[in-house]
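# Overview (structure and organization)
Here's the letter readout for the chains.
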Amino acid sequence: MRCGFVALIGRPNVGKSTLLNRLVGTKLAIVSDKPQTTRNRIAGVRNYDGGQAIFLDTPGIHRPTHRMNVRMVDAAVEGIREADIVALVSDATDARAGAGEHFILEQVRHATAPVTLVINKVDLVPRPALLPLIDRWRLRHPFASIIPVSALTGENVDRLEQVIIEHLPEGDPVYPTDYLTDQPERFFVAETVREKVLALTHAEIPFSSAVVVDRFEEADERGIMRFYCSILVERESQKPILVGRAGEMIKRIGTAARHDLEAFFDARVFLDLRVKVASDWREDDRLLNQLGMPRTKRG
Ligand code: GDP
Ligand code: MG
């Protein structure tokens with residue numbers, strides 16, 4: 001048997017979370033067109049004939065501007081150290097081939113694990129552009145392999161899986177075969193709400209919002225689950241934007257989130273959302289702990 005940890009690392013927005021969801025076959029990580037969507041390290045388990053792969057989705061590696069971002073980047077860099085295989089995910093539409101990955105490549109250089117380059121979003125580039133792109137990447141680092149994929153369409157993801165299985169160390173499965181993720185159900189409630197906030201808002205709102213589950217109630221005798229959440233914003237002026245005229249925005253967020261949560265839990269869902277101001281929560285370690293943000297070793 002083979003078993004190991006596969007860290008998905010890379011810059012924000014390259015498609016790491018989309019790839020995690022594709023690899024495990026379940027939507028575990030929220031996705032958006034805005035950078036820095038993922039704030040936690042999310043493990044997703046996939047069992048194959050010959051073994052088990054534990055994929056670690058990580059926050060995008062970027063220049064941190066708040067305590068929150070320091071903790072995000074540390075969690076990602078930690079992922080490199082924990083991994084048996086590092087999958088460096090990049091964006092095929094970025095023709096600079098690694099020029100923007102300077103810091104990441106430096107981290108990866110110290111890795112003992114084999115590093116595979118995943119060139120994602122190949123559905124967006126013309127085929128003839130791929131070979132020169134691969135050649136340019138090759139000059140940056142001695143990758144164990146380079147695999148172009150589309151996490152969105154699934155193209156060539158089976159090839160990536162083959163390579164991963166080949167590189168997995170020998171060992172017994174770490175988790176039972178019905179184990180899917182290390183994140184608790186509450187996490188998926190908060191993240192689903194946050195995904196809708198990200199999809200429906202603009203400018204600084206996506207970056208300065210967080211979601212806390214104040215109360216999580218299992219299904220009652222009528223089969224209804226009840227979730228009570230607060231959406232945190234940083235400033236009083238952001239509150240009316242999230243609530244919307246006559247509560248229209250918060251209603252849209254709630255309806256979209258409830259729809260997804262009912263599918264995820266296969267149950268009827270009652271969702272209560274309110275908006276609260278928590279000034280500078282992105283700098284507040286106590287609040288960040290409460291939000292389940294990864295702890296940093298930098299103190
Ligand atoms: P992350 O920040 O690296 O986790 O990136 P996400 O998974 O959140 O994806 C960022 C954006 O890229 C989203 O709008 C995705 O729908 C999009 N995306 C991800 N993978 C692909 C892909 O293979 N092809 C295309 N066209 N878009 C993709
Ligand atoms: Mg992500």
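Residue indices follow the written sequence of each chain, beginning from 1 at its first position. Throughout, the order in which chains and ligands are written sets their labels, letters from A for the former and numbers from 1 for the latter. Local features in a predicted model are, by the rule used here, given only for residues with pLDDT of at least 70; side-chain atom pairs are given and counted only at 80 or more, and totals for whole chains, interfaces and linings are based on all residues. Based on all heavy atoms of the structure, the side-chain values leave hydrogens and waters out of the count.

## Some remarks on the coordination of the magnesium ion (ligand 2)
Quick note on the threshold: With water excluded from the atoms, a metal site may look incomplete; its donors are any N, O or S atoms within 2.8 Å, or within 3.2 Å for Na, K and Ca. Helix numbering and strand numbering both begin at the N terminus, where a helix is a DSSP run of H or I of at least 4 residues and a strand a DSSP run of E of at least 2. Burial classes: relative accessible area under 20% of the type maximum marks a residue as buried, over 50% as exposed, and values in between as partly exposed (1.4 Å probe, protein chains only).
Those protein atoms acting as donors to the magnesium ion (ligand 2) are Ser17 (OG) and Thr38 (OG1), and they sit at 2.0 to 2.1 Å. Note that serine 17 is positioned in helix α1 (residues 16-24) and threonine 38 in the loop between α1 and β2 (42-48), a separation of 21 residues in sequence. Judged by relative accessible area, which is 8%, threonine 38 ranks as buried.

## Looking at helix α3 (residues 102-109)
What counts here: Comment: arc refers to directions from the helix axis out to C-beta atoms. Only heavy atoms matter for contacts: two residues are in contact if any of them lie within 4.5 Å across the pair.
Residues of α3 that are buried include every one of Ile104, Leu105 and Val108, and no others. Burial along α3 is one-sided: seen end-on, the buried residues are contained in an arc of 95°. Contact partners of the buried residues in α3: β1 (2-10), α2 (67-82), β4 (85-91), β5 (115-120) and α4 (130-138).

## A word on the sheet that holds strand β9 (residues 268-277)
We apply this condition: Any two strands with at least two DSSP-identified bridges between them are counted as paired. Helix axes use the C-alpha atoms of the stretch in contact, all axes being lines fitted to C-alpha atoms, and the angles between their N-to-C directions lie in the range 0 to 180 degrees.
Taken together, 3 strands build an open sheet; the order of strands is β7-β8-β9 and the sheet is mixed. Pairing within the sheet leaves two strands with one partner each, and these edge strands are β7 (210-217) and β9. The average undirected angle you get between the axes of adjacent strands in this sheet is 20°. The pairing of strand β8 (residues 224-233) with β9 spans 10 bridges and is classified as parallel. What sits directly across from cysteine 229, in β9, is leucine 273. The strands that helix α6 (residues 185-200) touches are β7, β8 and β9; relative to β7, the one it contacts most, it runs at about 135°. Packing of helix α8 (residues 248-265) onto the sheet brings it into contact with β7, β8 and β9, and relative to β9 it is tilted by some 140°.

## Some points on helix α5 (residues 157-167)
Spacing of three or four residues puts side chains on the same side of an α-helix, whose turn is 3.6 residues. Among the residues of α5, Val157, Leu160, Glu161, Val163 and Ile164 are the ones counted as buried. Taken around the axis of α5, the buried residues stretch over an arc of 165°, which confines them to a single face. Residues of α5 that are exposed and point over 90 degrees away from its buried face: Asp158 and Glu166.

## Let's talk about the site of ligand 1
Our working definition: Note on definitions. A residue lies near a molecule or strand when any single heavy atom of the residue is within 4 Å of it. Within 3.5 Å is the distance limit for a polar contact, defined as a pair of N or O atoms, with the added protein rule that one can donate a hydrogen and the other accept it, and that residues adjacent in sequence qualify only through two side-chain atoms. Per-residue and other accessible areas follow the Shrake-Rupley method at a 1.4 Å probe size, with only the shown protein chains counted as cover for residues. Each residue gets one of three labels, nonpolar for Ala, Val, Leu, Ile, Met, Phe, Trp, Tyr, Cys and Pro, charged for Asp, Glu, Lys and Arg, and polar for the others, Gly among them.
Around ligand 1 sit 18 residues, and of these Asn13, Gly15, Lys16, Thr18 and Asp123 come closest. Contacts to ligand 1 include threonine 18, whose side-chain N or O atom sits 2.6 Å from an oxygen atom. Coverage of ligand 1 by the protein chains reaches 88% of its 580 Å² of free accessible surface. Top contributing element to the shell around ligand 1 by residue count: α1, with 3 residues. In terms of residue class, the shell around ligand 1 is made up of 6 nonpolar, 8 polar and 4 charged.

## As for unusual backbone geometry
Phi is positive for asparagine 13, close to 75°, though the residue is something other than glycine. Locating asparagine 13 in the fold gives a position in the loop between β1 and α1. For asparagine 13, a relative accessible area of 32% corresponds to the partly exposed category. Within the chain, aspartate 266 stands out as a residue other than glycine whose phi angle is a positive 50°. Looking at the secondary structure, you find aspartate 266 in the loop between α8 and β9.

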